[in-house]
Structure formats: structure tokens, C-alpha cells
Amino acid sequence: MLDFYKNKRVFVTGHTGFKGAWLCYALHMAGAEVTGFALPPREPGLFQIAALGPRMESVYGDICDYDALWSAFRRAQPELVFHLAAQPIVRESYRDPVATYQTNVMGTVHILECVRRSGCVQSFLNVTTDKVYENRQWLWGYRENDRLGGFDPYANSKSCSELVTGSYRNSFFSDGGVSISTARAGNVIGGGDFAADRIIPDCIRAAQAGEVIQLRNPFSVRPYQHVLEPLSAYLLIVQRQYQDRELSGSYNVGPKEADCLTTGQLADIFCRAWGDGLRWEHVGGDGPHEDQILKLDSTKIASLLGWRPRWDVRQAVEATVDWTRTWMAGGDAAACMERQIQAFFSTAPTVR
């Protein structure tokens, strides 16, 4: 899969974020010519820790600033585009819904307008989320043809992003000149995620401080997977639709059923992997609405593209702990990241 990207011109929005940094590192290892466009990285951040600056062309700007985006895009002349720039935190979307919609909806319009104007792009992927579906608290996974919706501003803005992508595909790319897809991934974990209001980063911060982990909702079920799982799917989608335009569309990217766990079960796995007597407790709160159960049906991407998960949730947590302890000890976190990418892509996909 990675061999396809050698010498390809690739444009990544949101490259300074957690997912974006992992994606750009994998593309760098593949020999791609990568240009990233994103807000400046925060401290601490995986982008700096992995020393990605010298490994790629990095442009700092706001996806809401169309002129700045178009200027960077025109210089890069990419063949392949991964759109990851987003406001990705549910609770932040309640605090600032306007900025969430501006980033997640108009940001998508802006990058697709760059694709439309450029004439150089052959394959485009918009990365959204598993939360785009109208959640009916089903015990089974949502499929790509289920109704979009989204309760909170984050989920709803990502649903709108899906609709924008579909409209551009139908209105401007129906001739098949550019392959356009969206990918709806589950909850990701991995080394280098420092975001607020995410379960594993919260666990790590508690472990570092020698405190008890506090869980707001230990009974909510989510499709947890290592960050390299969806990234491998994104890379595969962009490659395969580049080779066959008929594969454009929307794809769910989720773990096996056994890895759809409650937050409490995930915290248990983390505590065992971390050691040091780490434990968690349930703390109540008056936080905003959160769906109790969410699963994905990934039959489509398995059937059409042959994608399947490689690591189970235990391996995902252990890899996250390995990276984090390496970084905390002052070790070479970038080398650890490279080893994990190599190990992941050399692992055979599981059989469902």
C-alpha cells in the first residue's frame, strides 16, 4: 500500500493534529512529497515531537481563510488530497458552535473549491466521523446508507460536511475526473494525543500526575481502534479510487465487534497496561448530551477494498503506552513511531 505513494504529490489539511501527524509520518516513510496546511501546532504536540517539520512542506494557516489555502494549494499542485482539518471535540462544539461550523463545514467547502479550481487533483478524501449518523442507540453498527444527522454541533457539522462533499461530487465531478470519497472512522487512540476531553489522553494525564482517573460516563460504548487503523483505510481508499473511479463513495472504518467497548472497559485495559496501581473512578457531572452507544458496520470497505483491522484494542492500548513511556523518559519518540508504523503494516489484517 505505502509503495503507491512514493514520489506522489500529497496535500494534507490538519497535518499538525494528532491524526495528521501520524498520516504525514507514514507518507514521509513512503517517499511521498507532502505539503501540509493547518494551524500552528500546540505545545506539546506530536508534530514537533516527531520532528515532522524538516520532513515535509508545512504551511500554517486557517482552513477558514480560503485565500491562504488556495495559495498553498496552488503552489503544491497535489495529485492526492487528505482533508483532516477540523474542530474535533464534542464538548468544545458546545462551547463554541459557530467556530465549529465554520471550520467543519466551510473548511470542507474551501478545500473542495481548491480541488475544483486546480485541475491537478485525481483523488480526494474527506475524513469525517462515526458520529455523522442519526444515533438511534442501536446495538448494531450503522451502515453507509443509514440516515445522517448528528445531535451535537460537532456531529451535525460533520454531517453537513458529508453533504457538502456529496454535493460537490454530484455537481462538479460527476464526469469522474476526480475521485471523491468520505471516511467515517471510530474513536482513535495512539501515542501523541494530547487533546482535552478524550479518554486515553485523560488517562495519561492522571497517570503522570499520580491521580485516580476520573470518568464522566464509563458506560458509553464506542468503536475504539488504534490511529493507524483508520489511517491505513484512508491510504487504501485514496489509492484504490485513484486506480478505479467507480470506488468513490462513503466508507465506514471501524474495529471488530469485540473492540466496541465501554469507556470503563477501555480504562481497565489502560490501567493494566500502565501498571503502577493506576485505577479509575466514576464521577458524575452536568456535562452536555453524549450518545450511550455507537457502532459501525465496516462490511462495505472490507468487501470492496479488502480492508480489515490489524490490531485489537489491547494491542492499540499497549502501543499507546509504549510510545508515551518512551516520550516521558526522554527517549526517541519519533523512532518509536516509525517502529510502530512498520510493525502495523507488516501485520496481516484479521479475519472477521
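Preceding this paragraph is the structure being described.
Remember, predicted model here, so these are calculated numbers, not experimental data.

Draft legend 1. Layout of the overall build of the protein chain. Looking only at helices and strands, one finds 12 helices and 12 strands in the protein chain. Computed over its C-alpha atoms, the radius of gyration of the protein chain comes to 19 Å, within 12% of the 20 Å expected for a compact globule of 352 residues. Within the protein chain, the fraction of its 352 residues that count as buried is 58%. Across the protein chain, every contact between residues at least 6 apart in sequence was considered, and the portion connecting residues at least 24 apart equals 80%. Here the protein chain has roughly 14400 Å² of accessible surface; of this, 48% comes from carbon and sulfur atoms. Looking at charge distribution, the protein chain has the averaged site of its 36 positive side-chain charges lying 4 Å from that of its 39 negative ones.

Draft legend 2. Looking closely at the packing of aromatic side chains. With the rule as written, the count across this model stands at 14 aromatic pairs. Judged by centre distance (5.6 Å) and plane angle (20°), the ring pair of Phe270 and Trp274 falls under stacked. With a gap of 4 residues between them, Phe270 and Trp274 both fall in helix H9 (residues 263-274), about one helical turn apart. Summarising the aromatic geometry, the rings of Trp311 and Phe344 are spaced 5.2 Å apart at their centres and angled 85° between planes, so their arrangement reads as edge-to-face. On the criterion of sequence distance, the pair formed by Trp311 in the loop between helix H10 (299-305) and helix H11 (313-328) and Phe344 in helix H12 (residues 333-345) is long-range, its members being 33 residues apart. In terms of burial, Trp311 and Phe344 fall into one category: buried.

Draft legend 3. Structural view of the pairing of strand S9 (residues 221-226). Of all 6 residues making up S9, 6 are buried, and the element is well covered by its neighbours. Burial of the side chains of S9 extends over both faces: Val221, Pro223 and Gln225 are buried on one face and Arg222, Tyr224 and His226 on the other. Note: strand S7 (residues 187-189) against S9, 3 bridges, orientation parallel. Bridging from a neighbouring strand, Asn187 pairs with Tyr224 of S9. Alignment of S9 against strand S11 (residues 260-262), held across 3 bridges, turns out to be antiparallel. Bridged to Pro223 within S11 is Cys260.

Draft legend 4. How the structure looks around unusual backbone geometry. Cis geometry is found at the peptide bond from Glu43 to Pro44, where omega equals -10°. Of note, Pro44 is situated in the loop between strand S2 (33-38) and helix H2 (46-49). We note that Asn7 has phi near 70°; this positive angle belongs to a residue other than glycine. Structurally, Asn7 is set in the segment before strand S1 (9-13).

Draft legend 5. Spotlight on the sheet that holds S9. Read across the open sheet, the 3 strands follow the order S7-S9-S11; overall the sheet is mixed. Of all strands in the sheet, those with a lone pairing partner are S7 and S11, marking the two edges. With strand direction ignored, the average angle separating the axes of adjacent strands in the sheet is 50°. Against the sheet, H11 touches S7, S9 and S11, its axis set at about 60° to S9.

Draft legend 6. Representation of helix H6 (residues 153-172) in the model. The end-to-end C-alpha separation of H6 is 28 Å, in line with the 28 Å expected for 20 residues at 1.5 Å each. Three or more residues of H6 are buried, namely Pro153, Tyr154, Ala155, Ser157, Lys158, Ser159, Ser161, Glu162, Val164, Thr165, Gly166 and Tyr168. Packing partners of the buried residues in H6 comprise helix H4 (90-95), helix H5 (97-118), strand S5 (123-127), strand S6 (179-185) and strand S10 (250-253). Sitting at the amino-terminal end of H6 is Asp152, which places a side-chain oxygen 3.1 Å from the backbone nitrogen of Tyr154.

Draft legend 7. Examining the sheet that holds strand S3 (residues 57-60) more closely. The 7 strands lie next to each other as S3-S2-S1-S4-S5-S6-S10, forming an open sheet whose pairing is parallel. This sheet does not close on itself; its edge strands, each paired only once, are S3 and S10. In this sheet, neighbouring strand axes are inclined to one another by 15° on average, regardless of whether the strands run parallel or antiparallel. Of the strand pairs in this sheet, S1 and S2 are connected by 5 bridges, and their pairing is parallel. Across the sheet, the residue bridging to Val10 is Val34, located in S2. This element, H6, spans S5, S6 and S10 of the sheet and lies at about 165° to S6.

Each value, and the rule that gives it
- Residues numbered from 1 in each chain as written.
- Predicted model: local features only at pLDDT ≥ 70, side-chain atom pairs only at ≥ 80, totals over all residues.
- Heavy atoms only, no water.
- Helix = DSSP H or I, 4+ residues; strand = E, 2+ residues; numbered from the N terminus.
- Rg over C-alpha atoms; globule rule 2.2 N^0.38 Å.
- Buried < 20%, exposed > 50% of the residue type's maximum accessible area, 1.4 Å probe, protein only.
- Contact = heavy atoms within 4.5 Å.
- Areas by Shrake-Rupley, 256 points an atom, 1.4 Å probe, with all protein chains shown as cover.
- Lys, Arg positive; Asp, Glu negative; His and termini not counted.
- Charge placed at Lys NZ, Arg CZ, Asp CG, Glu CD.
- Phe/Tyr/Trp six-rings, centres within 6.5 Å; stacked < 30°, edge-to-face > 60°.
- Pairing = 2+ DSSP bridges.
- Axes fitted to C-alpha atoms, helices over the stretch in contact; angles between N-to-C directions.
- Expected span 1.5 Å × (residues − 1).
- Polar contact = N/O pair within 3.5 Å; in protein donor to acceptor, adjacent residues only side chain to side chain.

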